[in-house]
Amino acid sequence: MDDLIAATLHDAKNSLNTLLVWLDRAERGDDAAPLQQARQQVAVINGQLVELLALYRDGKGSLRLHIADQDLRDYFDDLKCEWPVVPDQPVIHWPEDFPVPAWAFDGYQVKLVLFDALRNALRHANRQVDIRLTFDATEKCLCLTVADDGPGFPEQEFAAEQGKAMDAAGSGLGLTFAQLIAEHHRTPDGRQGRLEMKNAPTGGALFSLRLP
Amino acid sequence: MNAPLRDRTGLLIDDQPEMRSSVRIQLSDIGLEKCDQARNIKEAVERLSQRQYDLIICDYNLGQGADGQQLLELLRRRNLLPHASVFLMITGETGYEQVSTAAEYAPDDYLLKPFTSELLRNRLLRILEKKQALQSLYQHLGEKGDSRKALAACDALLAGNSRYGLDILRHKGDLLMTLGRHDEALALYESVLQQRSTPWAEVGKARVLAADGNESAAKAHLQEALRAYPNYLAAYDSLAELLEKDEPDAAQEVVERSLAIAPSTQRHRRLGALALENKDYARAETAFRRAVEKDRTGFFKSHDDYAGLAHSYAEQGKTQEALAALKEMGNHFRASASLDARQAAVESLVHAKAGDADAAKAALARALKAGQGDELDTSTQLELAQACFASGQDDEAKNILRGVAEDYQENEKVLAAAQRVFAKAGRDDEGGIFLDAAKRSMVKLNNEAVALAKAGELDKAIAMLTEAADRLHNNCQVAINAALALLMYVHRNGMRIDYLSKAHDYIIQARYANPEHPRLPEVETFYRHVAPPGTILLEE
């Protein structure tokens, strides 16, 4: 945990530097792009701090999720609206088909997990990133999948430190957080959420959050 | 694209001027120009008493120990928030925990800071659209609503394949429970749970189990639900209520856990009451003190908080503190017979506890005098009975308790509270027999009156029932029977406008006592059948 804190603070410090760079550029010109980049950076830093806080609270035993019904169409409309538009990025295909109309989960924490995964996928993607929703009837769980068309996860990462590949700057925070949030999604009959990471047969990385 | 909000009226509630102005700018960005502002609960209540707003945007943090959730509850209880109005709560991360878990009085939606204007616009439009689509249902919900009509609206909307099917099902479950149609409610919850687990259906199922008398299964189900949904306040509330009767220790612990999630005046009050019962006086003191002190607006306190605080002090031998709390109680509320009687009754009990019998008797005399001629609220009556027992005025105590038991013949909660008064006086067994007799005498009265009516002795039946109904304003059963007897008379013997008018008033009295009483529709239909056009109309 201490290593994770140090690494995250290091990341956040770097992110603040990046933010300053973009703000400088924004000051000089009247181009909107640097401001959008700055906003993106703010979202990243905010996310890191919130995630760190969640891990801290988990350690204290006081992390409690707010599971509530989410209308999936509305939920993804909001995510799309909140996701900052940055030029020259791979195209994001937001889900358009909803296998079930609603699902109960913590909308806020799951948003952080998905945005992390999305940022990561965008960094590795060539042209596009897909977000897909599927319903697994046998396990009675909803799968939120972020798929990119990049090189996929390197083989050795599966063996040992899966985390690093997932992360913006490599602190491991994103994956640790995603894992935590997945596991905190439980049902009264004892089922639990989990992450699934694999390479697609057609190439590219698949990151799935499976929610019971 | 801002047109849908252009003609709406808004009220923005936030105690911080900077936040108000920044949200105000965002609102005007998205077309909502007509927007009033309020800085605190008092101003908000004033504004909302004067006029209706389409959109209410409220920050969770309102200063003065008050929050948006408390305001929302207050507005709903006082009927200041029409169902057509949108209530959007804005929160930071901490407030989000409390808003997102609010059980009974949830806002229409909540939005986490920081947010963009576009997101704000999307949310407001989305809620407006939903309100519009579900208007046929919403208009029948709430304190003055009509559960049967609301249920019919649910079915119509479900048949029309509304995209808000889930919200409708959730309301339908609540309505079926209110109307006592447990089997149908259970089937509804089971069918949702078969597809997926979700907190409201899990708790709904537990409530059905409890209502059908299967309390241990209900408790187990709620415990399991809480393991998966540790923030779902409705589950804590239901569980605490189930435990209250036989396991007050466990109930206290459950309320403690819910307080860790969302500290509210109401929960502190509940905790204080349980701690008093469990003889955990130090905890009772801090809980009631929190209830009294945290709410600096004064909107949420009740007589119970000060009375509870005084008892907590008295039980620990802190007589002076107890008396000071009672004095404070007098300063905080508008004068009323109930307030005076309650203050004096608790004072009498405090003195009795401290061994000062003379002071106890003097205070009791004041309490009884204050209560003469006025109808006192139930907690005051019970407190008064308690004080009578403590000063040896047993007959007076029993008179009061008989009145309460007859008035609340069908209300298990009030009857249990009356039983606790006996228990505290060390008369547990006597209480059981006494209350049972009071209850039975009411059943007997109703049965005899019905038998008389059937035998054609309507005048006698009317005399019996109206005497009881005029005395017992909270007894729905008696009011309904009185109205029925009067209507039967008119039906058989021809119009007597004074009887019709009295029947009308008893129906209103019955509605006030218990709007969901299963026999209400019967008497209402009979009234409309008997009352000719042009006479007193019974409103919906």
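### Topic: the overall build of chain A
Inference 1: Tallying secondary structure elements over chain A gives seven helices and seven strands in all.
Inference 2: Mapped from its N terminus to its C terminus, chain A presents α and β elements in the order α-α-β-α-β-β-α-β-β-α-α-α-β-β.
Inference 3: In summary, chain A has a C-alpha radius of gyration of 17 Å against a globular reference of 17 Å for 212 residues, a match within 12%.
Inference 4: Principal axes of the C-alpha set define a box for chain A whose edges measure 55 × 40 × 35 Å.
Inference 5: When the 212 residues of chain A are sorted by exposure, 53% land in the buried category.
Inference 6: Across chain A, contacts joining residues at least 24 apart in sequence account for 70% of those joining residues at least 6 apart.
Inference 7: Within the structure as shown, chain A displays about 10200 Å² of accessible surface, and the carbon and sulfur contribution to it stands at 51%.
Inference 8: Charge separation in chain A, taken as the distance between the mean sites of 21 positive and 32 negative side-chain charges, equals 2 Å.

### Notes on the pairing of strand E3 (residues 55-59) of chain B
Residues and elements named next belong to chain B.
Inference 1: With five of five residues buried, E3 is to be regarded as a mostly interior element.
Inference 2: Taking every second residue as pointing to the same face, both faces of E3 are buried, with Leu 55, Ile 57 and Asp 59 on one and Ile 56 and Cys 58 on the other.
Inference 3: The β-α-β motif built from E3, the intervening helix H4 (residues 68-77) and the parallel element strand E4 (residues 86-91) has right-handed crossover chirality.

### Considerations on helix H12 (residues 215-228) of chain B
Residue and element names in this part refer to chain B.
Inference 1: In this model, H12 (14 residues) spans 20 Å end to end at C-alpha, consistent with the 20 Å of a helix rising 1.5 Å per residue.
Inference 2: Of all the positions in H12, only Ala 218, Lys 219, His 221, Leu 222, Ala 225, Leu 226 and Ala 228 are classed as buried.
Inference 3: Tucked inside the fold, the buried residues of H12 contact helix H11 (199-211), helix H13 (233-244) and helix H14 (248-261).

### Side note on the environment of Glu 51 of chain A
Inference 1: Within the secondary structure layout, Glu 51 of chain A lies in helix H2 (residues 33-60).
Inference 2: Apart from the residues within four sequence positions on either side, Glu 51 of chain A is in contact with Leu 112, Asp 116, Leu 173, Gly 174 and Phe 177 of chain A.

### A closer look at the interface of chain A and chain B
Inference 1: On the side of chain B, 31 residues touch chain A, which itself brings 23 residues to the contact.
Inference 2: Where chain A abuts chain B, roughly 2600 Å² becomes buried across the two surfaces, and 49% of that area is made up of carbon and sulfur atoms.
Inference 3: Broken down residue by residue, the surface that chain A buries against chain B is led by Arg 64, His 66 and Pro 188 of chain A, which jointly contribute 27%.
Inference 4: Scanning the region where chain A abuts chain B turns up six salt bridges.
Inference 5: A salt bridge links Asp 78 of chain A to Arg 123 of chain B, with the shortest nitrogen-to-oxygen separation between them at 2.7 Å.
Inference 6: The tally of links from chain A across to chain B stands at 12 residue pairs in polar contact (both at pLDDT 80 or more).

### With respect to the side chain of Gln 409 of chain B
Residues and elements named next belong to chain B.
Inference 1: With respect to the secondary-structure elements, Gln 409 resides in the loop between helix H22 (394-407) and helix H23 (412-424).
Inference 2: You can call Gln 409 buried: its relative accessible area is 7%.
Inference 3: With near-sequence residues (within four places) excluded, Gln 409 lies in contact with Leu 415, Lys 439, Met 442, Val 443, Asn 446, Asn 475 and Gln 477.

### Structural notes on the sheet that holds strand E2 (residues 35-38) of chain B
All names here are of chain B.
Inference 1: Strand order in this open sheet of five strands is E2-E1-E3-E4-E5, and the pairing throughout is parallel. Edge positions in the sheet fall to E2 and strand E5 (109-112), since each has one partner strand and no second. Taking each pair of neighbouring strands and ignoring which way they run, the sheet shows an average axis angle of 20°.
Inference 2: Note that E4 and E5 share four bridges and pair parallel. Among the inter-strand pairings, Ile 90 is bridged to a residue of E5, identified as Leu 111.
Inference 3: Sitting on the sheet, helix H3 (residues 41-50) touches strand E1 (10-13), E2 and E3, and the angle it makes with E2 is about 140°.

### A few points about the environment of Leu 72 of chain A
Residue and element names in this part refer to chain A.
Inference 1: Tracing the backbone shows Leu 72 in helix H3 (residues 72-82).
Inference 2: Sequence separation of Leu 72 and Pro 95 is 23 residues, and the distance between their C-alpha atoms is 9.6 Å.
Inference 3: Setting aside residues no more than four positions away along its own chain, Leu 72 makes contact with Phe 98, Val 100, Pro 101, Ala 102, Trp 103, Phe 105, Leu 133 and Leu 142.

### Things to note about the packing of aromatic side chains
Inference 1: Tallied over the entire structure, the rule returns 11 aromatic pairs over all chains.
Inference 2: A ring pair is formed by Tyr 75 of chain A and Phe 105 of chain A, whose centres lie 5.0 Å apart and whose planes are at 85°; its orientation type is edge-to-face. Of this pair, Tyr 75 of chain A sits in helix H3 while Phe 105 of chain A sits in strand E3 (residues 102-105), placing them 30 residues apart in sequence.
Inference 3: The class for Phe 105 of chain A is buried, based on a relative accessible area of 0%.
Inference 4: An angle of 55° between the planes, with centres 6.4 Å apart, marks the rings of Phe 299 of chain B and Phe 300 of chain B as tilted.
Inference 5: The aromatic ring of Tyr 53 of chain B is capped on one face by Arg 51 of chain B, whose charged end is 4.8 Å from the ring centroid.
Inference 6: Above the face of the Tyr 499 of chain B ring, Arg 496 of chain B is positioned so that its terminal group lies 3.9 Å from the ring centre.

Thresholds applied
Residues numbered from 1 in each chain as written. Chains lettered and ligands numbered in written order. Predicted model: local features only at pLDDT ≥ 70, side-chain atom pairs only at ≥ 80, totals over all residues. Heavy atoms only, no water. Helix = DSSP H or I, 4+ residues; strand = E, 2+ residues; numbered from the N terminus. Rg over C-alpha atoms; globule rule 2.2 N^0.38 Å. Buried < 20%, exposed > 50% of the residue type's maximum accessible area, 1.4 Å probe, protein only. Contact = heavy atoms within 4.5 Å. Areas by Shrake-Rupley, 256 points an atom, 1.4 Å probe, with all protein chains shown as cover. Lys, Arg positive; Asp, Glu negative; His and termini not counted. Charge placed at Lys NZ, Arg CZ, Asp CG, Glu CD. Right-handed = clockwise from strand over helix to strand, strands pointing away. Expected span 1.5 Å × (residues − 1). Buried area = accessible area lost by both parts, 1.4 Å probe. Salt bridge = Lys/Arg side-chain N within 4 Å of Asp/Glu carboxyl O. Polar contact = N/O pair within 3.5 Å; in protein donor to acceptor, adjacent residues only side chain to side chain. Pairing = 2+ DSSP bridges. Axes fitted to C-alpha atoms, helices over the stretch in contact; angles between N-to-C directions. Phe/Tyr/Trp six-rings, centres within 6.5 Å; stacked < 30°, edge-to-face > 60°. Lys NZ or Arg CZ within 6 Å of the ring centre and 35° of its normal.

Everything listed is a geometric property; what it means functionally is a separate question.
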